[in-house]
Amino acid sequence: MPVQAFVFPGQGSQSVGMGRDLAEAFAPAREVFQEVDDALGQHLSKIIFEGPMEDLTRTDNAQPALMAVSLAVLRVLEREGGVDMKRDVALVAGHSLGEYSALAATGALGIAQTARLLRVRGDAMQKAVPVGKGGMAALIGVDMDRAASLCAEAADFTDETGRTHRQVIEVANDNGGGQVVVAGEMAAIDRIIAIAREQGIKRALKLPVSAPFHCSMMEPAAEEMRAALADAVINAPVVPVVANVTAAKVTGPDMIRDLLVRQITGTVRWRESVEAMVGMGVDSFVEIGAGKVLAGLVRRINGDVATRSVGTPADIEAFLAAR
């Protein structure tokens with residue numbers, strides 16, 4: 001019997017129409033989308049199913065939307081397929097906002113509350129830095145140490161008077177398989193891309209995002225989330241969650257609250273999280289929700305584990321048939 005971890009995708013996995021066939025096929029999926037719509041006082045499911053893409057991609061919409069699709073898939077697996085989180089899943093983890101989906105999946109957070117928290121999170125992250133002041137870049141073909149040294153080099157610049165200044169540029173995501181994402185001030189992002197190309201790094205490209213997530217420039221958003229999470233009801237999860245910030249198991253509600261605040265400015269340690277789960281005996285990773293990004297990252301981190309993405313009725317049928 002495989003030892004399974006359920007993992008939940010983050011921003012970038014969204015696409016118009018995701019979850020629509022689930023809602024058409026399964027009542028439990030429809031219930032999740034309705035619960036999210038009601039919690040937000042918005043017909044978010046219409047944007048998820050019909051677009052336009054620019055509305056879906058907005059951070060304040062994309063975050064609750066991706067959670068809704070993940071939880072819709074999970075509810076179908078539980079109610080139609082007899083999947084029991086406590087019995088069938090050893091660990092859960094999520095990439096950035098996916099950590100909220102993981103917490104909702106384990107009962108640590110309710111779906112409606114999670115949707116509202118993600119709306120606050122998306123708003124706060126968007127407001128934290130004026131558009132155009134910060135950005136993110138993906139470096140392909142580097143490890144964490146190399147990325148950190150490139151950040152240190154790109155942080156310093158000399159102005160026309162000859163004075164040296166330091167700008168923010170930090171490692172945002174350690175995605176594994178030689179993929180590291182950095183975030184910071186836009187001029188520093190431009191410099192790191194130029195430096196990486198000069199040094200023969202395989203690829204360095206700016207990401208189409210509206211803010212520099214997971215770096216110290218997000219501190220205003222972290223403070224806003226601290227206030228929002230202070231009032232949140234957090235239960236002990238029925239399955240341990242491997243946290244982005246620590247790449248370690250967490251089960252205590254107070255620690256979960258603290259780590260969700262720290263996650264806003266902290267590095268998403270995805271490579272280490274996957275390696276930690278494998279070290280704890282996991283040999284099968286199941287991506288729950290939109291897209292196949294995490295399954296691909298897991299395979300690049302460890303080619304010996306089984307991976308599967310479950311996001312459509314056909315995926316659900318295949319997953320249940322293989323159990």
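Being a predicted model, the structure only gives us computed values, none of them experimental. (Residues numbered from 1 in each chain as written. Predicted model: local features only at pLDDT ≥ 70, side-chain atom pairs only at ≥ 80, totals over all residues. Heavy atoms only, no water.)

S.K.: Kindly report on the packing of aromatic side chains, identifying the contributing residues and their values.
M.R.: Summed over all chains, the structure comprises 2 aromatic pairs. Ring centres of Phe6 and Phe319 lie 6.3 Å apart, and the angle between their planes is 65°; this geometry places the pair in the edge-to-face category. Here Phe319 lies in helix H15 (residues 313-322) and Phe6 lies in strand E1 (residues 4-8), a separation of 313 residues in the sequence. The same class applies to Phe6 as to Phe319, namely buried. Seen in terms of ring centroids, Phe33 and Phe49 are 5.0 Å apart; in terms of plane orientation they differ by 80°. Their pairing is edge-to-face. (Phe/Tyr/Trp six-rings, centres within 6.5 Å; stacked < 30°, edge-to-face > 60°. Helix = DSSP H or I, 4+ residues; strand = E, 2+ residues; numbered from the N terminus. Buried < 20%, exposed > 50% of the residue type's maximum accessible area, 1.4 Å probe, protein only.)

S.K.: Describe helix H2 (residues 27-40), and please don't skip the residues or the numbers.
M.R.: If you check H2, its first and last C-alpha atoms are 20 Å apart, about what 14 residues at 1.5 Å a residue would give, namely 20 Å. Residues of H2 that are buried sit in contact with helix H1 (20-25), helix H3 (44-50), helix H5 (59-79) and helix H8 (111-128). Two residues or fewer after H2 comes Gly41, characterised by a positive phi angle close to 60°. (Expected span 1.5 Å × (residues − 1). Contact = heavy atoms within 4.5 Å.)

S.K.: For helix H11 (residues 219-230), give the residues involved together with the corresponding values.
M.R.: Taking 1.5 Å of rise per residue, the 12 residues of H11 would be expected to cover 16 Å, and the 16 Å separating its terminal C-alpha atoms lies within 8% of that figure. Listing the buried residues of H11 in full gives Ala221, Ala222, Met225 and Leu229. Seen end-on, H11 carries its buried residues on one side only, within an arc spanning 100°. Here the buried face of H11 lies against helix H7 (98-105), H8 and helix H12 (253-265). (Arc of directions from axis to C-beta.)

S.K.: Describe the environment of Thr57, with residues and values.
M.R.: Mapped onto the fold, Thr57 is located in helix H4 (residues 53-57). Here Thr57 falls in the partly exposed class, since its relative accessible area comes to 31%. Expressed as a C-alpha distance, the spacing of Thr57 and Glu198, which sit 141 residues apart in the sequence, is 33 Å. Apart from residues no more than four positions distant in its own chain, Thr57 is found in contact with Gln11, Gln14 and Ala62.

S.K.: Can you explain the side chain of Ser13? Please cite residues and give values.
M.R.: With respect to the helices and strands, Ser13 occurs in the loop between E1 and H1. The residues contacting Ser13, other than those within four sequence positions of it, are Leu66, Ala290, Gly291 and Val293.

S.K.: Run through the pattern of salt bridges, naming residues and quoting values.
M.R.: One pass over the structure, following the stated rule, counts 16 salt bridges. Close ionic contact of Glu31 with Arg79 constitutes a salt bridge, the shortest N to O distance being 2.6 Å. Of this pair, Glu31 sits in helix H2 while Arg79 sits in helix H5; the two residues are 48 residues apart in sequence, bridging distant segments of the chain. On the accessibility criterion, Arg79 (52% relative accessible area) is exposed. The shortest N-O distance in the salt bridge between Glu50 and Lys46 comes to 2.7 Å. Here Lys46 and Glu50 lie together in helix H3, a separation of 4 residues that amounts to about one turn. (Salt bridge = Lys/Arg side-chain N within 4 Å of Asp/Glu carboxyl O.)

S.K.: So what about the environment of Gly107? Which residues, and what values?
M.R.: Considering the arrangement of structural elements, one finds Gly107 in the loop between H7 and H8. With 78 residues separating them along the chain, Gly107 and Glu185 place their C-alpha atoms 37 Å apart.

S.K.: Give a detailed account of the sheet that holds strand E7 (residues 179-185), specifying residues and quantitative values.
M.R.: Sheet architecture is open: 4 strands sit in the order E6-E7-E3-E8, paired in antiparallel fashion. The sheet is open, and its two borders are formed by strand E6 (169-176) and strand E8 (203-206), each paired with just one other strand. Neighbour to neighbour, the strand axes of the sheet diverge by 20° on average, direction disregarded. Across the sheet, helix H9 (residues 144-155) is in contact with strand E3 (134-140), E6 and E7; its angle to E6 comes to roughly 160°. Across the sheet, helix H10 (residues 186-198) touches E3, E6, E7 and E8, and the angle it forms with E7 is around 140°. (Pairing = 2+ DSSP bridges. Axes fitted to C-alpha atoms, helices over the stretch in contact; angles between N-to-C directions.)

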